[in-house]
Amino acid sequence: MTARVGILISGGGSNMVTLVRSMTGTHPARPCVVVSNNPEAGGLIRARDMGLPAVAVDHRAYGKDRAAFEAALAEALAPFEADILCLAGFMRVLTAGFVGDWRGRMLNIHPSLLPKYRGLDTHARAIEAGDTQAGCTVHEVTPALDDGPILGQARVPVLPGDTAETLAARVLQAEHRLYPAVLRRFAAGDRRPVLLG
Ligand code: GAR
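On a predicted model such as this, the values are computed, not experimentally measured, just so you know.

So, how was this worked out
- Residues numbered from 1 in each chain as written.
- Predicted model: local features only at pLDDT ≥ 70, side-chain atom pairs only at ≥ 80, totals over all residues.
- Heavy atoms only, no water.
- Disulfide = S-S within 2.5 Å.
- Helix = DSSP H or I, 4+ residues; strand = E, 2+ residues; numbered from the N terminus.
- Contact = heavy atoms within 4.5 Å.
- Salt bridge = Lys/Arg side-chain N within 4 Å of Asp/Glu carboxyl O.
- Buried < 20%, exposed > 50% of the residue type's maximum accessible area, 1.4 Å probe, protein only.
- Expected span 1.5 Å × (residues − 1).
- Lys, Arg positive; Asp, Glu negative; His and termini not counted.
- Polar contact = N/O pair within 3.5 Å; in protein donor to acceptor, adjacent residues only side chain to side chain.
- Pairing = 2+ DSSP bridges.
- Axes fitted to C-alpha atoms, helices over the stretch in contact; angles between N-to-C directions.
- Right-handed = clockwise from strand over helix to strand, strands pointing away.

S.K.: An account of the state of the cysteines is requested, with residue identities and associated values reported.
M.R.: Counted by the stated rule, this structure contains zero disulfides. The structure places no disulfide on C32, whose sulfur is separated from the nearest cysteine sulfur, that of C86, by 10 Å.

Here's what the structure looks like:
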(Lines give C-alpha, C1' and ligand atoms only; values in the text may rest on other atoms or scores of the structure.)
Protein backbone atom coordinates (compact mmCIF):
# COMPACT_ATOMS: atom_id res chain seq x y z
CA MET A 1 0.00 0.00 0.00
CA THR A 2 1.31 3.46 -0.86
CA ALA A 3 1.35 5.77 2.16
CA ARG A 4 -0.03 9.27 1.74
CA VAL A 5 2.16 12.01 3.20
CA GLY A 6 0.97 15.43 4.36
CA ILE A 7 3.68 18.05 4.94
CA LEU A 8 3.40 21.00 7.35
CA ILE A 9 5.58 24.06 6.75
CA SER A 10 5.96 27.64 7.95
CA GLY A 11 8.53 29.13 5.59
CA GLY A 12 10.54 28.56 2.45
CA GLY A 13 9.91 24.85 2.41
CA SER A 14 13.25 23.58 1.13
CA ASN A 15 12.88 20.39 3.18
CA MET A 16 9.34 19.98 1.85
CA VAL A 17 10.65 20.25 -1.73
CA THR A 18 13.29 17.56 -1.15
CA LEU A 19 10.68 15.28 0.45
CA VAL A 20 8.24 15.75 -2.43
CA ARG A 21 10.93 15.18 -5.06
CA SER A 22 12.04 11.99 -3.31
CA MET A 23 8.61 10.35 -3.45
CA THR A 24 8.75 8.87 -6.94
CA GLY A 25 9.32 5.46 -8.51
CA THR A 26 9.58 2.63 -5.99
CA HIS A 27 9.25 4.97 -2.99
CA PRO A 28 6.57 3.56 -0.64
CA ALA A 29 4.85 6.96 -0.22
CA ARG A 30 3.45 9.86 -2.19
CA PRO A 31 2.78 13.46 -1.10
CA CYS A 32 -0.88 14.42 -0.80
CA VAL A 33 -0.96 17.99 0.59
CA VAL A 34 1.17 20.82 1.96
CA VAL A 35 -0.26 22.98 4.75
CA SER A 36 1.27 26.16 6.19
CA ASN A 37 0.31 28.13 9.28
CA ASN A 38 1.76 31.16 7.49
CA PRO A 39 -0.18 32.27 4.39
CA GLU A 40 2.96 34.10 3.14
CA ALA A 41 5.15 30.99 3.28
CA GLY A 42 7.16 30.70 0.07
CA GLY A 43 6.78 26.94 0.30
CA LEU A 44 3.08 27.17 -0.59
CA ILE A 45 3.95 28.49 -4.05
CA ARG A 46 6.72 25.92 -4.46
CA ALA A 47 4.24 23.14 -3.58
CA ARG A 48 1.67 24.39 -6.09
CA ASP A 49 4.40 24.63 -8.73
CA MET A 50 5.02 20.92 -8.14
CA GLY A 51 1.32 20.22 -8.70
CA LEU A 52 0.37 19.66 -5.06
CA PRO A 53 -2.60 21.06 -3.16
CA ALA A 54 -1.26 23.74 -0.81
CA VAL A 55 -3.41 25.20 1.94
CA ALA A 56 -2.85 27.97 4.49
CA VAL A 57 -4.37 27.83 7.98
CA ASP A 58 -3.33 31.13 9.53
CA HIS A 59 -2.64 30.56 13.23
CA ARG A 60 -3.01 34.29 13.91
CA ALA A 61 -6.75 34.03 13.29
CA TYR A 62 -7.04 31.89 16.45
CA GLY A 63 -5.06 34.08 18.85
CA LYS A 64 -3.90 32.06 21.84
CA ASP A 65 -6.46 29.30 21.21
CA ARG A 66 -4.14 26.50 20.11
CA ALA A 67 -6.92 23.91 20.16
CA ALA A 68 -9.04 25.96 17.75
CA PHE A 69 -6.07 26.40 15.41
CA GLU A 70 -5.39 22.68 15.50
CA ALA A 71 -9.06 21.88 14.86
CA ALA A 72 -8.83 24.04 11.71
CA LEU A 73 -5.56 22.34 10.77
CA ALA A 74 -7.16 18.90 11.19
CA GLU A 75 -10.14 20.01 9.09
CA ALA A 76 -7.85 21.27 6.32
CA LEU A 77 -5.91 17.99 6.34
CA ALA A 78 -8.89 15.63 6.55
CA PRO A 79 -9.92 15.53 2.85
CA PHE A 80 -6.41 14.45 1.85
CA GLU A 81 -6.42 11.34 4.08
CA ALA A 82 -2.74 11.47 5.00
CA ASP A 83 -1.26 8.39 6.65
CA ILE A 84 1.95 10.18 7.69
CA LEU A 85 2.49 13.82 8.64
CA CYS A 86 5.94 15.38 8.15
CA LEU A 87 6.75 18.61 9.96
CA ALA A 88 9.27 20.39 7.74
CA GLY A 89 10.19 23.75 9.20
CA PHE A 90 6.79 23.96 10.91
CA MET A 91 7.31 26.51 13.68
CA ARG A 92 4.23 26.03 15.86
CA VAL A 93 4.22 23.92 19.00
CA LEU A 94 1.45 21.32 18.81
CA THR A 95 -0.69 20.30 21.79
CA ALA A 96 -0.80 16.80 23.23
CA GLY A 97 -4.26 16.38 21.70
CA PHE A 98 -3.14 16.91 18.10
CA VAL A 99 0.05 14.94 18.66
CA GLY A 100 -1.98 12.07 20.11
CA ASP A 101 -4.18 11.93 17.02
CA TRP A 102 -1.03 11.35 14.93
CA ARG A 103 0.85 9.13 17.36
CA GLY A 104 3.46 7.03 15.59
CA ARG A 105 2.64 8.75 12.27
CA MET A 106 4.16 12.24 12.68
CA LEU A 107 7.82 13.10 12.03
CA ASN A 108 9.77 16.30 12.62
CA ILE A 109 13.16 17.56 11.50
CA HIS A 110 15.15 19.61 13.98
CA PRO A 111 18.42 21.43 13.20
CA SER A 112 20.55 19.97 15.99
CA LEU A 113 21.89 16.67 17.18
CA LEU A 114 19.12 15.94 19.68
CA PRO A 115 18.95 15.70 22.63
CA LYS A 116 21.22 18.75 22.37
CA TYR A 117 19.63 22.14 21.70
CA ARG A 118 15.89 21.64 21.72
CA GLY A 119 13.98 24.78 20.73
CA LEU A 120 15.36 27.75 18.81
CA ASP A 121 18.78 29.24 17.92
CA THR A 122 20.36 25.81 17.70
CA HIS A 123 23.33 26.88 15.54
CA ALA A 124 24.35 29.85 17.67
CA ARG A 125 24.12 27.62 20.75
CA ALA A 126 26.33 24.92 19.17
CA ILE A 127 28.97 27.53 18.23
CA GLU A 128 28.77 29.18 21.64
CA ALA A 129 29.31 25.80 23.33
CA GLY A 130 32.45 25.19 21.23
CA ASP A 131 31.01 22.05 19.62
CA THR A 132 33.11 20.61 16.79
CA GLN A 133 30.15 18.73 15.32
CA ALA A 134 26.62 19.85 14.57
CA GLY A 135 23.83 18.34 12.55
CA CYS A 136 20.17 17.53 12.36
CA THR A 137 17.72 14.97 13.68
CA VAL A 138 14.49 13.45 12.41
CA HIS A 139 12.33 12.11 15.21
CA GLU A 140 8.84 10.89 15.89
CA VAL A 141 6.76 13.66 17.42
CA THR A 142 5.62 13.18 21.01
CA PRO A 143 3.97 15.82 23.23
CA ALA A 144 7.33 17.04 24.65
CA LEU A 145 9.08 19.63 22.45
CA ASP A 146 11.76 18.22 20.10
CA ASP A 147 11.61 14.87 21.84
CA GLY A 148 10.47 11.42 20.76
CA PRO A 149 12.21 8.41 19.28
CA ILE A 150 15.08 9.36 16.99
CA LEU A 151 14.67 8.06 13.43
CA GLY A 152 17.83 9.54 11.97
CA GLN A 153 20.71 11.94 12.41
CA ALA A 154 23.23 13.54 10.07
CA ARG A 155 26.45 15.17 11.28
CA VAL A 156 28.44 18.05 9.82
CA PRO A 157 31.61 19.71 11.13
CA VAL A 158 31.57 23.09 12.83
CA LEU A 159 34.39 24.95 11.07
CA PRO A 160 36.62 27.71 12.44
CA GLY A 161 35.02 31.07 11.75
CA ASP A 162 31.51 29.62 11.38
CA THR A 163 28.63 31.94 12.12
CA ALA A 164 25.12 30.77 12.89
CA GLU A 165 24.32 31.49 9.22
CA THR A 166 27.19 29.52 7.66
CA LEU A 167 26.56 26.60 10.00
CA ALA A 168 22.81 26.70 9.30
CA ALA A 169 23.49 26.48 5.56
CA ARG A 170 25.74 23.42 6.06
CA VAL A 171 23.21 21.75 8.34
CA LEU A 172 20.38 22.48 5.88
CA GLN A 173 22.24 20.55 3.17
CA ALA A 174 22.47 17.63 5.60
CA GLU A 175 18.73 17.98 6.33
CA HIS A 176 18.04 17.58 2.62
CA ARG A 177 19.93 14.27 2.62
CA LEU A 178 18.54 12.98 5.90
CA TYR A 179 14.80 13.65 5.78
CA PRO A 180 14.09 11.87 2.49
CA ALA A 181 16.19 8.88 3.62
CA VAL A 182 14.28 8.64 6.91
CA LEU A 183 10.87 9.06 5.31
CA ARG A 184 11.58 6.32 2.77
CA ARG A 185 12.54 3.90 5.54
CA PHE A 186 9.70 4.96 7.86
CA ALA A 187 7.05 4.65 5.14
CA ALA A 188 8.29 1.12 4.49
CA GLY A 189 7.59 0.31 8.16
CA ASP A 190 11.24 0.28 9.23
CA ARG A 191 11.94 2.36 12.38
CA ARG A 192 15.69 1.70 12.55
CA PRO A 193 17.53 5.04 12.67
CA VAL A 194 19.30 6.38 9.59
CA LEU A 195 22.77 7.63 10.54
CA LEU A 196 24.58 9.84 8.01
CA GLY A 197 27.81 11.79 7.90
C1 GAR B 1 15.05 23.89 8.81
O2 GAR B 1 16.38 24.16 9.14
C3 GAR B 1 14.40 23.06 9.91
O4 GAR B 1 15.25 22.12 10.49
C5 GAR B 1 14.03 24.12 10.89
O6 GAR B 1 13.55 25.18 10.11
C7 GAR B 1 14.21 25.17 8.84
C8 GAR B 1 13.16 25.20 7.76
O9 GAR B 1 13.73 25.35 6.48
N10 GAR B 1 13.04 23.63 11.81
C11 GAR B 1 12.98 23.98 13.08
O12 GAR B 1 13.74 24.77 13.59
C13 GAR B 1 11.87 23.32 13.86
N14 GAR B 1 11.98 23.60 15.25
P15 GAR B 1 12.87 25.01 5.17
O16 GAR B 1 11.54 25.76 5.29
O17 GAR B 1 13.71 25.54 4.06
O18 GAR B 1 12.67 23.52 5.11
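There's plenty left to go through after this.
S.K.: Now, about the environment of L85: what can you tell me, with residues and values included?
M.R.: Mapping L85 onto the fold places it in strand β4 (residues 84-87). For L85 and W102, which are 17 residues apart along the polypeptide, the C-alpha to C-alpha distance reads 7.6 Å. With sequence-adjacent residues up to four places away left out, L85 is seen in contact with G6, L8, L77, F98, W102, R105, M106 and L107.

S.K.: Before we move on, can you summarise the pattern of salt bridges with the specific residues and values?
M.R.: Enumeration according to the criterion identifies seven salt bridges in this entry. For D147, the salt bridge goes to R118, with nearest N and O atoms at 3.3 Å. Here D147 is found in the loop between β6 (133-140) and β7 (150-157), whereas its partner R118 is found in the loop between β5 (106-110) and α5 (122-128), with 29 residues between them in sequence. Judged by its relative accessible area of 31%, D147 falls in the partly exposed class. Since its relative accessible area comes to 35%, R118 is described here as partly exposed. We note a salt bridge from D162 to R170, for which the minimum N-O separation is 2.6 Å.

S.K.: Let's hear about helix α6 (residues 164-187): which residues, and what values?
M.R.: The first and last C-alpha atoms of α6 sit 33 Å apart over 24 residues, in line with the 34 Å expected at 1.5 Å per residue. Among the residues making up α6, those that are buried are L167, V171, A174, E175, L178, Y179, P180, V182, L183, F186 and A187. With its phi angle positive at about 90°, G189 sits one or two positions after the end of α6.

S.K.: An account of the side chain of D146 is needed here, citing residue identities and associated values.
M.R.: Position of D146 relative to the elements: it lies in the loop between β6 and β7. Summary of buried charges: D146 has no salt-bridge partner, and the nearest side chain of opposite charge, R118, is 6.3 Å away. For D146, the side chain forms a polar contact with the side chain of H110, separated by 3.4 Å. Within the structure, the side chain of D146 is placed 2.8 Å from the backbone nitrogen of G119, a separation counted as a polar contact.

S.K.: Just give me the short version of the sheet that holds β4, but keep the residues and values in it.
M.R.: The mixed open sheet is built from eight strands, whose spatial order is β3-β2-β1-β4-β5-β6-β7-β8. Each edge of the open sheet carries a strand with a single partner, namely β3 (54-56) and β8 (194-196). For this sheet the average axis-to-axis angle between neighbouring strands, irrespective of direction, equals 15°. Helix-sheet contacts for helix α1 (residues 14-22) involve β1 (3-9), β2 (29-36), β4 and β5, and the interaxial angle to β1 is about 165°. In the packing of α6 onto the sheet, the strands contacted are β1, β2, β4, β5, β6, β7 and β8, and the crossing angle to β7 comes to about 155°.

S.K.: If you had to explain unusual backbone geometry to someone new, which residues and values would you point to?
M.R.: For the bond from L114 to P115, the omega torsion is 15°, close enough to zero to count as cis. Mapped onto the fold, P115 is located in the loop between β5 and α5. Although it is not a glycine, D146 adopts a positive phi angle of roughly 50°.

S.K.: So what's going on with the pairing of β7? Residues and values would help.
M.R.: In the sheet, β6 pairs with β7 via seven bridges, with the strands oriented antiparallel. The partner of V138 across the bridge, within β7, is G152. Pairing geometry for β7 and β8, over three bridges, is parallel. By the bridge assignment for β8, Q153 is matched with L195. With α6 bridging β7 and its parallel neighbour β8, the resulting β-α-β unit is left-handed.

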